[in-house]
Amino acid sequence: MASAPTSKYNSHSLENESIKRTSRDGVNRDVGEPLPRLPGEIRITDKEVIYICPFNGPIKGRVYITNYRLYLRSLETPIFAFLNEEKFNVDGWTVYNPVEEYRRQGLPNHHWRITFINKCYKLCDTYPALLVVPYRASDEDLRRVATFRSRNRIPVLSWIHPENKTVIVRCSQPLVGMSGKRNKEDERYLDVIRETNRQVNKLTIYDARPNVNAVANKATGGGYESDDVYHNAELFFLDIHNIHVMRESLKKVKDIVYPNVEESHWLSSLESTHWLEHIKLVLTGAIQVADKVSSGKSSVVVHCSDGWDRTAQLTSLAMLMLDSFYRSIEGFEILVQKEWISFGHKFASRIGHGDKNHADADRSPIFLQFIDCVWQMSKQFPTAFEFNERFLITILDHLYSCRFGTFLYNCESAREKQKVTERTVSLWSLINSNKDKFKNPFYTKEINRVLYPVASMRHLELWVNYYIRWNPRIKQQQPNPVEQRYMELLALRDEYIKRLDELQLANSAKLSDPSASPSSPSQMMPHVQTHF
Amino acid sequence: MEFAELIRTGQAQAELLRGPEEPPLRGTLCITGHHLMLSPGPQATPDLWLLLLRNVDSIEKRVAGDSGTITLRCKDLRVLQLDIEGVEATLDIARSIEALSSLESVITSFPFFYRPKGLRLGDAWHFHPPECYYKRVARETNAWRLSEANEDFSLCPSYPRAVIVPRAVDDSALARSARFRQGGRFPVLSYYHAPSGTVLLRAGQPLTGPQKRRCSEDEDLLRAVLAGARPGARGFIVDTRSPQAAKQARMTGGGTEAKAAYPGWKRLHRPLETGRPLQESFVRLVEACGDLEQSMDRWLNRLESCRWLSHVKETLSTACLAAQSMEQEGACVLVHGAEGTDSTLLITSLAQLILDPLSRTMAGFQELIEREWIQAGHPFQLRCAHSAFSHARPKHEAPTFLLFLDCVWQLGRQFPLSLEFGEGMLLALFDHAYASPFGTFLCNNEKERCLCEVRTRTHSLWSGLSQPKEQRKLRNPLYVPNPLAIWPSAEPQSLRLWQGDPPPPPWRSSRLCSASLPVLFLLRPVSARDPST
């Protein structure tokens, strides 16, 4: 399920040579195109159906029955986003502008500069065009460092602390290999990063992988920054497992909730999926990153192997904990757009949009896991996020839906080549044009509050409203009655304030001296804090 | 008996640790007949800290050098630590607490001495007698009457003086039926569901014995119930034991209703555990929650092996079954287990919460507790003698009432707007059931309460809770009256462990969260020394 939740095909047949490979962009795909058949395979009947996928909801399609197999073809072409003619009054593509986002963070400054060295994606084809690097590193340095980092994903700035100016830097593993190769430029480059912060004399490197995996990666040319080469850095392993482990874990979650919900040993079966344990490890890792930056006053470098899965989880979650801006609706969109989409989380490979090979080893629910972590945080801090659960579920639904271009393709360069922003609609257009639906009524804006969620098994829950939402027996009231009631109460409060306003106005009009009239009552009232 | 004989020390200097969130308290410790008191020095806050000794479930003392440490584990699941100067003083205080907290006499207990300002004795005691409920029933139907056959508690010592029975059955028939039921608990009306015209009854098991005895008055009584509902009405007998257990009970004189003897009634078995297994489950759960060292990787497994949540699940689904039979099938329901004072009351009271919007109001819920638990003869004194920490061998202890509160909490979680009272109310009831300055939960039944003159000599909890400053803590601010039945989901995925207050936000602390891990399930913070202070 996790491997190809979106596959619009339900064919269980072996790969058929005669099926011509569907073009990836799907633009020219004809819905009426005949069903590809094996020699001797005869179509018996076909019928329009709605296939209720437990994780993606209903998919409209036509099921073809031949003398050999069942074949479901979605009525939507695989990449519907390119045919989508929806119009919204907001353009979601304008939500994220890297220059503006870096300016919001106070960049460039005298330690960090914005570089366009990757404008044509020559330095690193999976990175965005615009990067923030140390002021003291020349473009030539960057090119040399790139040769020593897996897929040329050099260390670049993700976030800078507004006060203590420590930074979160992301990259991929160094190409140390079996022979223990070194690269002077890479070592100097990390030292330059360290020197941008003089509060502590060590740079902290978080390797998201388990120690053994990092060592094993040496065999394939990768590795990690060892102490004896990077003298001024401390390396910690965060023990987060790879995409294959996560995929298998979610598969087990599926097995206990579908087609039948496991009942007799629910808790131990849930535990045996290890899904919550993985969530715990990801959150714990992110908490460490955030704590190091905020309290430890140390700059951190985060990487895993290629720096597009676990790294994205860690940096984005840490940023969510540190920076209240990302907890607003638009801020979160920017966070996803920046740390995930622009920095090349391989959405196309991980989700498999329009690809029928759902056993592909590249599939993995990494982004889903990130959203689950965000949901866990929103449970623990019910007033800290501007968005509600529906917002998160909507993002996940459209992660798979192909209705919007937002999550298509693996990296920015591919998206640019396909002119995604011109030819598709952004998911954020849908959300931002109807923001009220996605707002958390309990949200209380707080600046500079760092959130440290409790990443303990006792406080993590299975996200029942997402994973088991299709099951009518697991009843839940939608929309959330508490939210609704709260909004009613807020409306009532506003009404009373208004009425008080009017009454006082009427009262003051009666008074002979108009200059003595009191100021508006709503101004006089202290801001009513409604906490639960 | 004089308390003074048991108090072995005047006073001592001590420091009290109440948990990671609260600062330690230093001052002079002293013991009275009912309380442990800590009076802070002049420089600290002037508040006096008080603990009802009856609340102490277990006590542990340790001495080292010239000071000692006493750890008190309370019935309300708090864990307190006292660091006391002087070895002798420590031992004396520990011995005094041990002696005073285990006094069994009811009439020397604190409620008989508690005289708060602003409350008048006897105020709320006539708040919820069965007569009130009968008035409600009589407005809807004529088939029932209030019988005072139990005026002197001779029919059934665990029933109140007045009970509601079918109009067609006279008092002498009730007396015969009482002799046929365990503990004299003949079938009485528990709830009348007006929309369907059906009733919920409760009783003790019939004493059929190995000879399969019958009792025609008992049979008549149940026949009259069906006749009073509507022509052709059916009935379900929900037996809270397994068919085997019910059959086995015959060997010891009990049993269950024979099919042939009760036409129109169908028996359903829904085994619910009570007594020892339930108490053990509670102890294991509290142990698991308090064990912060254990590897968290096995938490869910451990939680499951406590079986507490499966008790919640079974209870809720049986209550749903009873409620459903009434509302949707239009059938009358009789609930009983063996004695009819534990799981029976769980089911009848929960079924009412599901069906009856009035019982979900503040006043209605208190009335429900008074009528279906206290007056219905749940033996609070026996069941709540000890909580989860006691090392004493459990005799009659069982957290049946806590299980009920947990089920209500689950209802409230699934229907956050439909209960007028909030978690604060449930926590207060839990605390007061185990140790209270009020007399409401004293004794095991009405007969004992009369003997001890509880009504005239102690204050009622309900008047204590009706104080405006209490009310704020007890109410659910989101309450909107909901006229419908609320059907909870009893799937394991829908149930949660009752964690008590939401975890305090660990923000503004630069420490990582593990240091301020809030403890679960009503668990007040464990008082271990916070490593960072």
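Okay, so let's go over this structure. Because the structure is predicted, anything quoted here is derived from the model rather than measured. (Residues numbered from 1 in each chain as written. Chains lettered and ligands numbered in written order. Predicted model: local features only at pLDDT ≥ 70, side-chain atom pairs only at ≥ 80, totals over all residues. Heavy atoms only, no water.)

## Quick look at the overall build of chain A
Thinking step 1. For chain A, the helix and strand inventory stands at 18 helices and 10 strands.
Thinking step 2. Across the 532 residues of chain A, 57% fall into the buried class.
Thinking step 3. Taking all contacts inside chain A whose residues are at least 6 apart in sequence as the whole, residues at least 24 apart take part in 74%.
Thinking step 4. About 23,200 Å² of surface is accessible on chain A, with carbon and sulfur atoms providing 52% of the total. (Helix = DSSP H or I, 4+ residues; strand = E, 2+ residues; numbered from the N terminus. Buried < 20%, exposed > 50% of the residue type's maximum accessible area, 1.4 Å probe, protein only. Contact = heavy atoms within 4.5 Å. Areas by Shrake-Rupley, 256 points an atom, 1.4 Å probe, with all protein chains shown as cover.)

## Here's the deal with the side chain of Ser401(A)
Thinking step 1. Tracing the chain through its elements places Ser401(A) in helix H12 (residues 389-401).
Thinking step 2. Engagement of the side chain of Ser401(A) in a polar contact is seen with the side chain of His398(A), the distance being 2.9 Å. (Polar contact = N/O pair within 3.5 Å; in protein donor to acceptor, adjacent residues only side chain to side chain.)

## Things to note about the environment of Asn432(A)
All names here are of chain A.
Thinking step 1. Relative to the elements of secondary structure, Asn432 occurs in helix H15 (residues 427-432).
Thinking step 2. Looking at Asn432, the relative accessible area reads 11%, which means it is buried.
Thinking step 3. When the C-alpha positions of Asn432 and Lys254 are compared, they lie 32 Å apart, and in sequence the two are 178 residues distant.
Thinking step 4. With residues up to four places along the chain from it excluded, the contact list for Asn432 reads Val90, Val95, Ile329, Glu330 and Glu333.

## Describing the pairing of strand S10 (residues 188-193) of chain B
Residue and element names in this part refer to chain B.
Thinking step 1. For S10, the tally of buried residues reaches six of six residues, placing the bulk of the element in the interior.
Thinking step 2. With five bridges connecting them, S10 and strand S11 (residues 198-202) associate as antiparallel partners. Considered in S11, the bridge of Val188 is made with Arg202.
Thinking step 3. Here S10 folds back onto S11, and the loop between the two strands holds four residues, one of which, Gly197, carries a positive phi near 70°. (Pairing = 2+ DSSP bridges.)

## Notes on the nonpolar core
Thinking step 1. The biggest cluster of nonpolar side chains holds 211 residues, and the ones touching the most others in it are Phe332(A), Phe367(A), Phe365(B) and Phe404(B).
Thinking step 2. Non-local contacts of Phe367(A), meaning those with residues more than four positions away in its chain, are made with Val336(A), Trp340(A), His345(A), Phe347(A), Ile395(A), Leu396(A), Leu399(A) and Phe407(A).
Thinking step 3. In this structure, Leu107(A), Val132(A), Val156(A) and Ile193(A) belong to the second largest nonpolar core, which totals 38 residues. (Core = buried A, V, L, I, M, F, W, Y, C linked by side-chain atoms within 4.5 Å.)

## Observations concerning the sheet that holds strand S10 (residues 300-303) of chain A
Residue and element names in this part refer to chain A.
Thinking step 1. Pairing within the open sheet is mixed, and its five strands lie in the order S6-S7-S10-S8-S9. Looking at which strands have only one partner, the edges of the open sheet turn out to be strand S6 (156-160) and strand S9 (233-237). Strand-to-strand twist in this sheet, taken as the mean axis angle between neighbours without regard to direction, amounts to 25°.
Thinking step 2. Taken together, the four bridges between strand S7 (residues 167-171) and S10 define a ladder with parallel strand orientation. Note on S10: the bridge partner recorded for Ile168 is Val300.
Thinking step 3. Strands in contact with helix H8 (residues 310-322) are S6, S7 and S10; relative to S7, the strand with the most contacts, it is inclined by about 165°. (Axes fitted to C-alpha atoms, helices over the stretch in contact; angles between N-to-C directions.)

## Here's the deal with empty space enclosed by the protein
All names here are of chain B.
Thinking step 1. A complete count under the given rule lists eight cavities of 30 Å³ or more for this structure.
Thinking step 2. A volume near 130 Å³ is recorded for the largest cavity.
Thinking step 3. Pro130, Pro160, Leu189, Arg202 and Arg371 are, among the 14 residues lining the largest cavity, the residues nearest its centre.
Thinking step 4. If you list the elements that add at least two residues to the lining of the largest cavity, you get helix H2 (130-140), strand S9 (163-166), S10 and helix H10 (362-374).
Thinking step 5. When residues in the lining of the largest cavity are grouped by element, the largest group, three residues, is from S10. (1 Å grid on protein atoms, 1.4 Å probe; cavity = no way out; pocket = protein on both sides within 12 Å on 5 of 7 lines; lining within 4 Å. Points joined across faces, edges and corners; volume = space filled by probe spheres on them.)

## Notes on the pairing of strand S2 (residues 25-31) of chain B
As a general feature of sheets, a regular strand has side chains that alternate between the two faces.
Residue and element names in this part refer to chain B.
Thinking step 1. Across six bridges, strand S1 (residues 11-17) lies against S2 in antiparallel orientation. If you follow Gln13 over to S2, its bridge partner there is Thr28.
Thinking step 2. In this structure, S2 lies alongside strand S3 (residues 35-40), joined through five bridges in antiparallel fashion. Paired with Leu29 across the bridge in S3 is Leu38.
Thinking step 3. Between S2 and S3, which pair antiparallel in sequence order, lie three residues.

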